[in-house]
Amino acid sequence: MAEVTIPIGPIHPALKEPERFMITIEGETVVAADVRIGHIHRGIEKLAESKTYIQNLYLTERICGICSFTHTTNFSQATEEILGIEVPKRGVYLRTIVNELERIHSHLLWIGVAGHEMGFDTLFMYSWDDREIVQDLLEIMTGNRVNYAYNTIGGVRRDMSPEIAQKALKAMDKLEVAMQKYIDIGLNEDTILKRTQGVGVLSPADARRLTAVGPRLRASGIKYDVRKADPHAAYDEVPFEVITSDTHDVHGQYVVRALETLESIKMVRWMVTNLPDGDYRVKTPRKVPEGESFSRTEAPRGEDIHWLVANGTDKPERLKIRAPTYANIANVAFNLKGAHIADVPMIVAGIDPCMGCMDRVIIIDADKKTQTVTDEAGLWKFANDWYANGGKK
Amino acid sequence: MFENLVTWSRVKSPWVYHLNSGSCNGCDIEILAALMPRFDAERFGVLLQGTPRHADVVVATGPVTEQLKEKVIRCYEQVPEPKFVVAVGQCAISGAIFDGSYCTHGGIDKIIPVNAYIPGCPPKPEAILDGVVKLLTSLTEG
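Draft legend 1. Spatial organisation of the interface of chain B and chain A. At the junction of the two partners, chain B supplies 38 residues and chain A supplies 42 residues. When the two sides are added together, the surface that chain B and chain A hide from each other amounts to roughly 3300 Å², 65% of it contributed by carbon and sulfur. The three residues of chain B that bury the most area against chain A are Ile29, Gln67 and Ile97 of chain B, which together make up 18% of that side's buried surface. Linking chain B with chain A are 4 salt bridges. Where Arg38 of chain B meets Asp136 of chain A, a salt bridge forms, and the shortest distance between an N and an O atom there is 2.8 Å.

Draft legend 2. Up close: the pattern of salt bridges. Residue and element names in this part refer to chain A. Inspection of the entire model under this criterion finds 26 salt bridges over all chains. Across the salt bridge formed by Arg145 and Glu132, the nearest N and O atoms sit 3.0 Å from each other. Of the two residues, Arg145 is situated in the loop between helix H5 (121–142) and strand S4 (151–152) and Glu132 in helix H5; the sequence distance between them amounts to 13 residues. For the pair formed by Arg145 and Glu132, the shared burial category is buried. In this structure, Glu260 engages Arg218 in a salt bridge whose closest nitrogen and oxygen atoms are separated by 2.7 Å.

Draft legend 3. Representation of a positive patch on the surface. Positive charge collects at one region of the surface, where Arg157, Arg158, Arg281 and Lys283 of chain A lie side by side. With a relative accessible area of 40%, Arg158 of chain A lands in the partly exposed category.

Draft legend 4. Inspection of unusual backbone geometry at higher detail. Each neighbour pair has its own omega, and for Glu81 of chain B with Pro82 of chain B the value is -10°, a cis peptide bond. Within the secondary structure, Pro82 of chain B is located in the loop between helix H3 (69–78) and strand S4 (84–88). Between Cys121 of chain B and Pro122 of chain B the backbone carries a cis peptide bond, its omega angle lying at -10°. Turning to its location among the elements, Pro122 of chain B is positioned in the loop between strand S5 (116–118) and helix H5 (125–140). Backbone geometry places Ala149 of chain A, a non-glycine residue, at a positive phi of 50°. Within the element layout of this structure, Ala149 of chain A appears in the loop between H5 and S4. At Val64 of chain B, a residue that is not glycine, the phi angle is positive and equals roughly 60°. Tracing the chain through its elements places Val64 of chain B in the loop between strand S3 (57–61) and H3. In this structure Val64 of chain B comes out as buried when scored by relative accessible area, which is 0%.

Draft legend 5. Here's a closer look at the environment of Arg195 of chain A. Residue and element names in this part refer to chain A. For Arg195, the location among the structural elements is in helix H7 (residues 190–196). Put simply, Arg195 and Asp343 are 148 residues apart on the chain and 7.7 Å apart in space, counted from C-alpha to C-alpha. The contacts of Arg195, once residues within four sequence positions are left out, are Glu117, Met118, Ala342, Asp343 and Met346.

Draft legend 6. Quick peek at helix H12 (residues 324–336) of chain A. Residues and elements named next belong to chain A. The end-to-end C-alpha distance of H12, which contains 13 residues, comes to 19 Å, matching closely the 18 Å that a straight helix rising 1.5 Å per residue would cover. Of all the 13 residues making up H12, 10 are buried; the element is thus mostly covered by neighbouring parts of the structure. When we look at burial in H12, the residues that qualify are Pro324, Thr325, Ala327, Asn328, Ile329, Asn331, Val332, Ala333, Asn335 and Leu336. Downstream of H12 by one or two residues, Gly338 has phi in the positive range, about 85°.

Draft legend 7. Region of the structure containing the pairing of strand S1 (residues 15–20) of chain B. All names here are of chain B. Within S1, 5 of the 6 residues are buried, leaving the element largely enclosed by the surrounding structure. Pairing of S1 with strand S2 (residues 47–49) involves 3 bridges; the strand directions are parallel. If you follow Val16 over to S2, its bridge partner there is Leu48. In this fold, the crossover linking S1 to S2 by way of helix H2 (residues 26–35) has right-handed handedness.

Draft legend 8. Representation of the side chain of Ser106 of chain A within the structure. Residue and element names in this part refer to chain A. Looking at where Ser106 falls in the secondary structure, it is placed in helix H4 (residues 89–117). Residue classification places Ser106 among the buried residues on the basis of a relative accessible area of 0%. Leave out the neighbours within four places in its chain, and Ser106 touches Ile66, Pro300, Arg301 and Asp352.

Draft legend 9. Fine view of the domain arrangement of chain A. Residues and elements named next belong to chain A. Here the domain parsing of chain A yields domain 1 (3–39 + 327–388) and domain 2 (44–325). Both sides of the domain 1 and domain 2 interface together cover about 2600 Å² of buried area, and 56% of this is carbon and sulfur. Linking domain 1 with domain 2 are 0 salt bridges. Counting every contact that joins domain 1 to domain 2 gives 8 residue pairs in polar contact (both at pLDDT 80 or more). Counting residues per element, the side of domain 1 that touches domain 2 draws most heavily on H12, at 7 residues. Along the lines of polarity and charge, the residues of the side of domain 1 that touches domain 2 split into 17 nonpolar, 5 polar and 4 charged.

Draft legend 10. Fine view of the side chain of Asn56 of chain A. Residues and elements named next belong to chain A. Summarising the element assignment, Asn56 is placed in helix H2 (residues 53–61). Here Asn56 falls in the buried class, since its relative accessible area comes to 0%. Contacts of Asn56, omitting those with residues within four sequence positions, involve Ala48, Lys51, Phe75 and Pro316.

Draft legend 11. Molecular detail of a nonpolar patch on the surface. A cluster of nonpolar side chains, contributed by Phe2, Leu5 and Trp8 of chain B, occupies part of the molecular surface with about 390 Å² of accessible area. Take Trp8 of chain B: it is sitting in helix H1 (residues 2–12).

Draft legend 12. Structural context of the nonpolar core. Within the largest apolar cluster, 70 residues are counted, with the highest numbers of intra-cluster contacts made by Ile97, Leu101, Ile104, Met141 and Met160 of chain A. If you list the elements that add at least two residues to this core, you get strand S2 (20–26), strand S3 (29–36), H4, H5, helix H6 (162–188), helix H11 (250–273), H12 and helix H13 (344–350) of chain A. Each of domain 1 (3–39 + 327–388) and domain 2 (44–325) of chain A gives at least three residues to this core. In this structure, Ile97 of chain A is in contact with Met141, Met160, Val268, Met271, Val272 and Leu275 of chain A, ignoring residues within four places of it in sequence. Cys67 of chain A together with Ala33, Val46 and Ile128 of chain B belong to the second largest nonpolar core, which has 53 residues in total.

Calculation criteria
- Per chain, the residues get numbers from 1 upward, laid out in the order the sequence is written.
- Chain letters and ligand numbers both follow the written order, the letters beginning at A and the numbers at 1.
- The model is predicted, so local features are restricted to residues of pLDDT at least 70 and side-chain atom pairs to those at 80 or more, both for listing and for counting; the totals for chains, interfaces and linings are taken over all residues.
- In computing side-chain values, all of the structure's heavy atoms are included and hydrogens and water are not.
- By definition, residues are in contact when any of their heavy atoms lie within 4.5 Å.
- Two parts placed together each lose some accessible area under a 1.4 Å probe, and the buried area is that loss summed for both.
- Basic side-chain nitrogens of Lys or Arg form a salt bridge, by our definition, when they fall within 4 Å of a carboxyl oxygen of Asp or Glu.
- In this description a helix means any DSSP run of H or I spanning at least four residues, a strand means any run of E spanning at least two, and both kinds are numbered starting from the N terminus.
- For each residue, the accessible area found with a 1.4 Å probe, counting protein chains only, is set against the maximum for its type, and the residue is called buried under 20%, exposed over 50%, and partly exposed in between.
- Patches here: salt-bridge-free residues with over 30% relative accessible area, like charges joined within 9 Å, nonpolar side chains (Val, Leu, Ile, Met, Phe, Trp, Tyr) joined within 5 Å.
- Computed by Shrake-Rupley with a 1.4 Å probe, the accessible areas treat only the displayed protein chains as cover when residues are assessed.
- Positive charge is attributed to Lys and Arg, negative charge to Asp and Glu, and no charge count is given to His or to the chain ends.
- For charged residues, the charge sits on one atom: NZ in Lys, CZ in Arg, CG in Asp, CD in Glu.
- Expected helix span is computed as 1.5 Å times (number of residues minus one).
- Only strands that DSSP links by at least two bridges are regarded as paired with each other.
- Note on handedness: a crossover is taken as right-handed if, strands pointing away from the viewer, the path from the first strand over the helix to the second is clockwise.
- Domain delimitation follows an automatic or database domain assignment.
- Pairs of N or O atoms within 3.5 Å make up the polar contacts considered here, provided that, within protein, one atom can donate a hydrogen while the other can accept it, and that residues adjacent in sequence are counted only when both atoms are side-chain atoms.
- Three residue categories are used. Nonpolar comprises Ala, Val, Leu, Ile, Met, Phe, Trp, Tyr, Cys and Pro, charged comprises Asp, Glu, Lys and Arg, and polar comprises the others, including Gly.
- By nonpolar core we mean a set of buried residues, namely Ala, Val, Leu, Ile, Met, Phe, Trp, Tyr and Cys, connected to one another through side-chain atoms within 4.5 Å.

This is the structure we're talking about:
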């Protein structure tokens, strides 16, 4: 049978963000898949060098609107490390609370999007409706629904009053009931089982080899979570479980995300009741002394890394960011091979792709005018050839 | 008479195409939130379409990246006349925080004509609905 190459994207109805997938099919089976990234490249790392640390908080927030808080947490942590500042306990707890609220809203969002991709729009509507509960809480706490501007270097910008704490506890009770419903749906609903079980299977060995992160990694049965492995903020004090699944497929990812949300609800409840007293921020100098720091957090989508070089002025020398979707896109390209064409949206949506996060890196081969990013083997070959030729193509 | 009927039906059921030109996702999830049960834009007849060829209104977000410039123009050209563009969010209006970057164009109106602007970073779903309703009201008034 003849092979047909179908370009999907960059602007297409399935995802809300532009990204291009070149899919070669034979009959109904995908034989090759390439992902072309970089459509939302906005030059954030370069822009960061021209802005002060305070301005950069707002810039890093806008790397991605869904996991905005994790990026500012990372950036503040990196800056605080160079400054040698200890954030007050209350500030650390408030930061962790918003981080977990963000995870709840992001996972509910994913459940909705996954439902939409499998043609189960009722689930989409329900989960986005319940997501409004946590959005309201975020708005009361921070002042905005999406880009919260809550973090600052040295703590957070607003305190949590006892009334807000009460509202938070009430909202968590409501959300817990709602989450039980989604867990029930995920485990018993035929539509979900038929569309997700056995789709996008990634073995633990492949997950390690292809640097999977976050729920995708944990759905492959590997118990790794930055919150446990390298605790930042208040994660070393808050009790929680790392959820894994042994099914290795998209259904495993659904279960991992749903149960993780339940854990997050418990964590928020624990933190709100055990919130320490005292200051929630400290004043910091504008200029940051020379130094380097490395910070990582567990974003809703996986491990997020910021590396910061300071040069003694009020602007960073270099900021390097590696967002979770960039680490995850390699396993999507791998999983698409051999998949049924109808399962392509599910596999792509499975990792909860966030192109806004990923598209700060771009590989264009101007000489050959190639349009696709090579896979891992191709990159290895490229690297080996490059070194073999003494640094020439 | 016939024209009145066409305007009436256009205002009562504007089909919307959502075009992301390099936004951070914040505006995009708020646009989706506006279509969800809480705000329910469908009660105004607003329906999200998968292709620009079926749309009356393009809801555009993002500062237009270098990579997407031509694709934005192509999408705009595919929309049948008469077409309206709503720029959602600060980036779509002026480039906002990405102003000065080497690969953004600083707003949708630098690339394609825009009929309505909805400011905010991101605008709340209420604001998005208000903007769309204002655009539709301006259509009935001529």
